[in-house]
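In case you want the letters, here they are:
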Amino acid sequence: MDMLQLSALELSRKIRSGEISVKEAVSGYREQMQKMEPQVHAFLSVDDDKLEKRIQEVEEGIQSGRYQGPLAGVPIAVKDNICTKGQKTTCASRILENFVPAFDAEAVKRLEEAGMIVLGKTNMDEFAMGSTTETSAFGVTRNPWNTEHVPGGSSGGSCAAVAAGEAVLALGSDTGGSIRQPAAYCGVTGLKPTYGRVSRYGLIAYASSLDQIGPVGRNVKDCAALFEVLAGHDEKDSTSSGQTLESWEELVSGGMQGMKIGVPEEYFAEGTDEEVKKALTDAMELMRQHGAQVEYFSLGMVDYVIPSYYIIACAEASSNLERFDGVKYGYRSPEATELHEMYKKSRAEGFGEEVKRRILLGSFVLSAGYYDAYYLKALKAKGMIKKAFDDAFAKYDCILAPAAPTTAPKIGTSLSDPLQMYLSDIYTVAVNLAGLPAVSLPCGKDSQGLPVGMQIIGDCFQEKKILRAAAAFEVLRGPFPMAWEKEEM
Ligand code: GLN
């Protein structure tokens, strides 16, 4: 059997039993990368020397019994805003083009302690700001299903890598949908954990109150197993939670019999593609047939989610990105002759358009005269959005929704109209504002053959409910092919 067809859990099993060596596994993915990268461009960097050493370490670790976990030996792609010691971490920005962190992010440390291998760093929207991976300073990533289309964003590189068979698992980050939406566009599975579940230490901040690292994979079980590796308290992140977590096997077990699932009727409004609606209603029907109680309800607050999100996210970004001043990190303009000019030129030359737009917007909403009118109001709306979800979860175990109003748009169409791009985040951002967990998985294809994704949203720390429902749905749906398994790729 072709190794690339194995899930991460199967691959690790074969590695631990000696059927496949760690070296063979890594080489298999390296070969696939060589084949796919010219069309897809999911990766920004691969450090072959580091990989060599790590392969050896993992081979030995598995033999000595140090690495025994269910993902030991598995190579994983890591989004380029997650710090890797001694390996470039650029945030797909000129300003960090040559930044080499002196430490690993906690998430990376945990991967390595589980015997996993960082395969390479993946492309993304610059500083995770975007929904298409087109704002990267280092070129766009293409959707492996159809390379004229975007992979979604901002974790477009991570999701495209999995869809193209260049990695079996990946790490993404989700501030307003950046794991779920590209997962939907690329036909893979992605989990945005409850805020605080996974340490943000070493995740380069976009909007700290919303950012969360999470897994991307071929299926729900692989994502659950990786989630178990990542989750848990970390004293280096004061917002990280010590809530206990079930094992991945428990997270995905139980079936959907008797589950109460609410579907916000507002999410089926005008603007949502008919084919997306159709795929979702088919999924609802399938769930009903298998014992779930699925009904529409009114969630409310939908008109407020985009403005609140963009105000809060940009406000936090303007503050977080202050540190990139040409002194402490990354790019320094060679032109400047005095200090202030150096700051200005370094930032003007180092940041791309979209990042500058958001810094301006964020500085504006935080400025003395406008703070109450915009930022404070957005915080109030955020409270009301959380309340709307609290009310929903008093009635339902989970909420089912489209991950995005359309399937992947063509490259170039979103860049010309930033507002339109912001509006496409309508179904994902509320989850981050309320700190909730949500999993996105494929539920069909449109008439162009592009995947349609749905998300299952849960109450805080209820990953068990959403993963259980997702795993059960996955069995009913049947295996969803990866893009590279198509004949023509
Ligand atoms: N598209 C959203 C934004 O541009 C979400 C990005 C993200 O989740 N990192 O802000």
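The coordinates are above.
Residues numbered from 1 in each chain as written. Predicted model: local features only at pLDDT ≥ 70, side-chain atom pairs only at ≥ 80, totals over all residues. Heavy atoms only, no water.

### Regarding the overall build of the chain
Keep this limit in mind: Numbering of helices and strands runs from the N terminus; a helix is a DSSP stretch of H or I covering at least four residues, while a strand is a stretch of E covering at least two. Using C-alpha atoms as the atom set, the radius of gyration is obtained and then compared with a globule rule of 2.2 Å times the number of residues to the power 0.38. Only protein chains enter the accessibility calculation, which uses a 1.4 Å probe; a residue whose area is less than 20% of its type maximum is buried, one above 50% is exposed, and one in between is partly exposed. The contact criterion used throughout is that any non-hydrogen atoms of two residues lie within 4.5 Å. Only four residue types enter the tally: Lys and Arg on the positive side, Asp and Glu on the negative side; His and the chain ends are excluded. By convention, the charge on Lys lies at NZ, on Arg at CZ, on Asp at CG and on Glu at CD.
Along the backbone of the chain there are 16 helices and 11 strands. Expected size for 489 residues packed as a compact globule is a radius of gyration near 23 Å; at 21 Å, the chain falls within 12% of this value. Taking the principal axes of its C-alpha atoms as reference, the chain extends roughly 65 × 55 × 45 Å. By the burial criterion, 61% of the 489 residues in the chain qualify as buried. For the chain, contacts bridging at least 24 residues in sequence account for 76% of all contacts bridging at least 6. The chain carries 51 positive and 66 negative side-chain charges, and their two centres are separated by 3 Å.

### Focus on the pairing of strand S11 (residues 451-457)
Consecutive side chains along a regular strand alternate between the two faces of the sheet. Note the cut-off: Two strands qualify as a pair provided DSSP detects at least 2 bridges between them.
Of all seven residues in S11, seven are buried, a share of seventy percent or more. Neither face of S11 is open: one carries Pro451, Gly453, Gln455 and Ile457, the other Val452, Met454 and Ile456, and all of them are buried. Sheet analysis places strand S9 (residues 398-402) next to S11, joined by four bridges and oriented antiparallel. Bridge assignment links Ala401 to a residue of S11, and that residue is Gln455. Pairing analysis gives seven bridges linking strand S10 (residues 438-445) to S11, with the strands arranged antiparallel.

### Some thoughts on the packing of aromatic side chains
Inclusion rule: Stacked, edge-to-face and tilted are the three classes for Phe, Tyr and Trp ring pairs, Trp counted by its six-membered ring, which pair at centre distances within 6.5 Å; planes under 30 degrees apart are stacked, over 60 edge-to-face, the rest tilted. Think of it as a cone above the ring: NZ of Lys or CZ of Arg counts as a charge over the ring if it is within 6 Å of the ring centre and within 35 degrees of the ring normal.
Within the structure shown, the criterion is met by 17 aromatic pairs. With a centroid separation of 4.1 Å and an interplanar angle of 20°, the aromatic rings of Tyr310 and Tyr422 are classed as stacked. Residue Tyr310 is found in helix H10 (residues 302-320), and its partner Tyr422 is found in helix H14 (residues 418-423); the two are separated by 112 residues along the sequence. One aromatic cluster in this structure is built from Phe99, Phe127, Phe324, Tyr329 and Phe351. Between the NZ or CZ atom of Lys236 and the centre of the ring of Tyr201, over which it lies, the distance is 4.9 Å.

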